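Fold and geometry: a report
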Amino acid sequence: MLVPFLVTEGTSMARSGRASIVGREQFWREQVRRQQSSGRSVREFCDGAGLSVPSFYWWRREVRIRDARRGAGDRPRFVPVRMTPEPPAGAALEVVLGGGRSIRVGPGFDADHLRAVVTALEATPC
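Since this is a predicted model, take the numbers as computed values, not measurements.

**Describing the overall build of the protein chain**
Along its length, the protein chain carries 4 helices and 2 strands. When the helices and strands of the protein chain are read in sequence order from the N terminus, they spell out α-α-α-β-β-α. Scored against the burial criterion, the 126 residues of the protein chain give a buried share of 15%. Across the protein chain, the fraction of contacts at a sequence separation of at least 24, relative to all contacts at a separation of at least 6, is 31%. Taken as a whole, the protein chain presents about 10500 Å² of accessible surface, with 58% of it coming from carbon and sulfur.

**A closer look at the pairing of strand β1 (residues 93–96)**
In the sheet, β1 pairs with strand β2 (residues 102–105) via 4 bridges, with the strands oriented antiparallel. By the bridge assignment, Glu94 is partnered in β2 with Arg104. From the end of β1 to the start of β2, which pair antiparallel, there are 5 residues, and Gly99 there has a positive phi angle of about 75 degrees.

**Details of the pattern of salt bridges**
Counting across every chain of the model gives 7 salt bridges. Among the ionic pairs, Arg104 bridges to Glu94, the shortest N-O distance being 3.8 Å. Note that Arg104 is positioned in strand β2 and Glu94 in strand β1, a separation of 10 residues in sequence. Judged by relative accessible area, Glu94 falls into the partly exposed class, the value being 42%. One salt bridge in this structure joins Arg115 and Asp112, with 2.6 Å as the shortest N-O distance. On the criterion of helical spacing, the pair formed by Arg115 and Asp112 is a turn pair, its members being 3 residues apart in helix α4 (residues 111–122).

The rules behind these values
Residues numbered from 1 in each chain as written. Predicted model: local features only at pLDDT ≥ 70, side-chain atom pairs only at ≥ 80, totals over all residues. Heavy atoms only, no water. Helix = DSSP H or I, 4+ residues; strand = E, 2+ residues; numbered from the N terminus. Buried < 20%, exposed > 50% of the residue type's maximum accessible area, 1.4 Å probe, protein only. Contact = heavy atoms within 4.5 Å. Areas by Shrake-Rupley, 256 points an atom, 1.4 Å probe, with all protein chains shown as cover. Pairing = 2+ DSSP bridges. Salt bridge = Lys/Arg side-chain N within 4 Å of Asp/Glu carboxyl O.

Note that every value here comes from positions in space, so none of it alone points to a role or purpose.
Here is the structure:
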């Protein structure tokens, strides 16, 4: 015998639980940003804001981990591409990087080497 039942309560609880997690992450991201721009130590900042120092350190680490999983945070996932008429045979290829930098390579270039050069030039400085 099947007994029908509604799961709306559990569903809404799951959604509100997810919303509260997202809200907490946003709250702590803001606190980390504020502390970094304040020029104060973590302890001074947390004492002034009424925050737990261990929680602050945990969330600061967690935010970094989550950003790393997402692909380094603010880095674009798509870049603009401008198509030009097909170049004549033997013409150089030009790759335009962020900040207006460009690389020109001639025919017969090694694609792996070019990829390594572009990756090195576009990497976020330490």
